[in-house]
Amino acid sequence: MKKYEMNRREFLKLIGLGLGSLAFRPLLYYPESGYSGDILRVATYSVSVYKEPNDKSPILYQRYRDELINVYEEVISPHGPGYNPIWYRVWRGYIHSARLQKVKFQLNSVINEIPEGGKLAEVTVPFTQSFRYIPWRKKWEPVYRLYFESTHWVTGIEQGPDGKAWYRIHDELLEFHYFVPAEHLRLIPDEEFSPISPEVKPWEKTIDVSIARQELICYEGAKEVLRSRVSTGVSRWNPDPNAVPTETPTGEFHIFSKMPSKHMGNGQVTADIEAYELVGVPWTCFFVETGVAIHGTFWHRNWGTPMSRGCVNVPTEIAKWIFRWTTPVCAPGVWEQNGYGTLVVVH
């Protein structure tokens, strides 16, 4: 598949075409300077820019959700926090890495033939705005904003609101479809689903998750083959006995369901970017029936401290490796693979 890196002007022009043709105006402010080197997306409502890489230093200003920021330098701060001392030097100051996502601008060639049953794709631009068509209103309306590294099931290709090719995406949770610019998605080739270490007996593979160390280790027998920092579930001071617990449960479990793309959240069809809707959570391996899973994460990079509502958050590239390494094996084009799979020990 032909790929090329696009610059900021091209990205804004492309995303503006869909919005402008519908009389929408850009929702976000972008700095006037161009982007070079590493780029960060603000992945929460707002983050503070400090004078120094220290949260006790003066706050200079705020950056807001989905703003894109040039990185001048990555800094390991002696002021911590100890579990994640990574800060970024940006214009006029420093931002802690916790609620930032490293992103890229990459457009992709459009594939006109989508296999029956759909094709998994990943977002390769900082974000893309999806729309759905409302026939009785004869108009397009925005729905979810899809983020870099999230994955989605493409089921077709049609003309979008700007007259260009847009992929049709099917939402497996709410059973409806919407559209995004086709160039913003990379269709994932079948070889990226191929199992890792298939020669190792399934019962010899184990995932060990330490809540105390906020760490995950994969073993083949006694041999360590992968180690990663993680973010497990947060604890509630006054837990509601009727609510679903937010702590990651401890014990021995087995992966029983794998989904390369999963819509998590409250199940709303909304364009509100502050709503709790995590659309396209990538490379999800469920190991507890209440919905606890190991999965990729595009909304923070605060590894080493609890951040989730029970799941084990890992970097997306780690989640993809685990998805391919574990059983049950999920073949290309399979939306959900069930079976008695790899042992997961949480302690």
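A. Structural context of the confidence of the model for the protein chain. Mean pLDDT over the protein chain: 90, with 89% of residues reaching 70 or higher. Below a pLDDT of 50 lies the segment residues 1-33, which in the model reaches 69 contacts outside its immediate sequence neighbourhood of four places, other chains included.

B. Focus on the environment of Lys201. Tracing the backbone shows Lys201 in the loop between β17 (185-187) and β18 (205-210). Separated by 20 residues in the primary sequence, Lys201 and Gly221 have C-alpha atoms spaced 9.2 Å apart.

C. Inspection of the nonpolar core at higher detail. Ile207, Leu216, Phe287, Ile294, Val312, Val314 and Ile322 are the most contacted members of the largest nonpolar core, which totals 29 residues. The set of elements that each furnish at least two residues to this core consists of β18, β19 (215-220), β23 (277-288), β24 (292-296), β25 (312-314), α2 (316-325) and β27 (343-346). Ranked by the residues each element gives to this core, the list is headed by α2, at five residues. When neighbours within four sequence positions are excluded, Ile207 is seen to be in contact with Leu216, Ile217, Cys218, Ile255, Ile294, Ile322, Trp325, Thr326, Thr342, Leu343, Val344 and Val345. Counting residues in hydrophobic clusters, the runner-up holds 18 residues, among them Leu107, Val180, Leu185 and Leu187.

D. Unusual backbone geometry, seen in detail. Of note, the amide linkage connecting Gly80 to Pro81 takes the cis form, showing an omega dihedral of 5°. Secondary-structure assignment places Pro81 in the loop between β6 (73-76) and β7 (86-90). Here the residue pair Thr327 and Pro328 is connected by a cis peptide bond, since its omega of 0° sits within 30 degrees of zero. As for its placement among the helices and strands, Pro328 is situated in the loop between α2 and β26 (337-338). In this structure, Glu175 takes a positive phi of about 55° despite not being glycine. Residue placement: Glu175 occurs in the loop between β15 (165-171) and β16 (176-181). In the Ramachandran plot, Gln214 falls in the positive-phi region, its phi being about 50° despite a non-glycine side chain. Structurally, Gln214 can be placed in the loop between β18 and β19.

E. Local environment of the packing of aromatic side chains. Under the counting rule described, the total for this entry stands at 17 aromatic pairs. Ring centres 6.0 Å apart and planes at 80° place the aromatic pair Tyr45 and Tyr64 in the edge-to-face group. Note that Tyr45 is positioned in the loop between β2 (39-42) and β3 (46-50) and Tyr64 in strand β4 (residues 59-64), a separation of 19 residues in sequence. For the ring pair Phe131 and Trp166, a centre distance of 6.0 Å and an interplane angle of 65° mean the geometry is edge-to-face. Taken together, the positions of Phe131 in strand β12 (residues 127-134) and Trp166 in strand β15 put the pair 35 residues apart, joining distant regions of the chain. Accessibility classification places Phe131 together with Trp166 in one group, the buried group. Within the aromatic cluster, the residues linked to one another by ring pairs are Phe131, Tyr133, Trp140, Trp166 and Phe179. A cation over a ring is seen here: Arg92 above Trp91, with NZ or CZ 5.3 Å from the ring centre. Across the ring face of Tyr276, the terminal group of Arg309 is positioned such that the distance to the ring centre comes to 3.7 Å.

F. Representation of the environment of Asp190. In this fold, Asp190 is placed in the loop between β17 and β18. Remark: the alpha-carbon pair of Asp190 and Lys119, spanning 71 residues in sequence, is separated by 9.3 Å. A polar side-chain atom of Asp190 sits 3.0 Å from a polar atom in the side chain of Lys119.

G. Focus on the sheet that holds β24. If you trace the five strands from one edge of the open sheet to the other, you get β25-β24-β23-β22-β26, paired in mixed fashion. Of all the strands in the sheet, just β25 and β26 have a single pairing partner and so form its edges. Each of β22 (257-265), β23, β24 and β25 is contacted by α2, which is oriented at about 40° to β23, the strand it contacts most.

Conventions we followed
- Residues numbered from 1 in each chain as written.
- Predicted model: local features only at pLDDT ≥ 70, side-chain atom pairs only at ≥ 80, totals over all residues.
- Heavy atoms only, no water.
- pLDDT = per-residue confidence, 0-100.
- Contact = heavy atoms within 4.5 Å.
- Helix = DSSP H or I, 4+ residues; strand = E, 2+ residues; numbered from the N terminus.
- Core = buried A, V, L, I, M, F, W, Y, C linked by side-chain atoms within 4.5 Å.
- Buried < 20%, exposed > 50% of the residue type's maximum accessible area, 1.4 Å probe, protein only.
- Phe/Tyr/Trp six-rings, centres within 6.5 Å; stacked < 30°, edge-to-face > 60°.
- Lys NZ or Arg CZ within 6 Å of the ring centre and 35° of its normal.
- Polar contact = N/O pair within 3.5 Å; in protein donor to acceptor, adjacent residues only side chain to side chain.
- Pairing = 2+ DSSP bridges.
- Axes fitted to C-alpha atoms, helices over the stretch in contact; angles between N-to-C directions.

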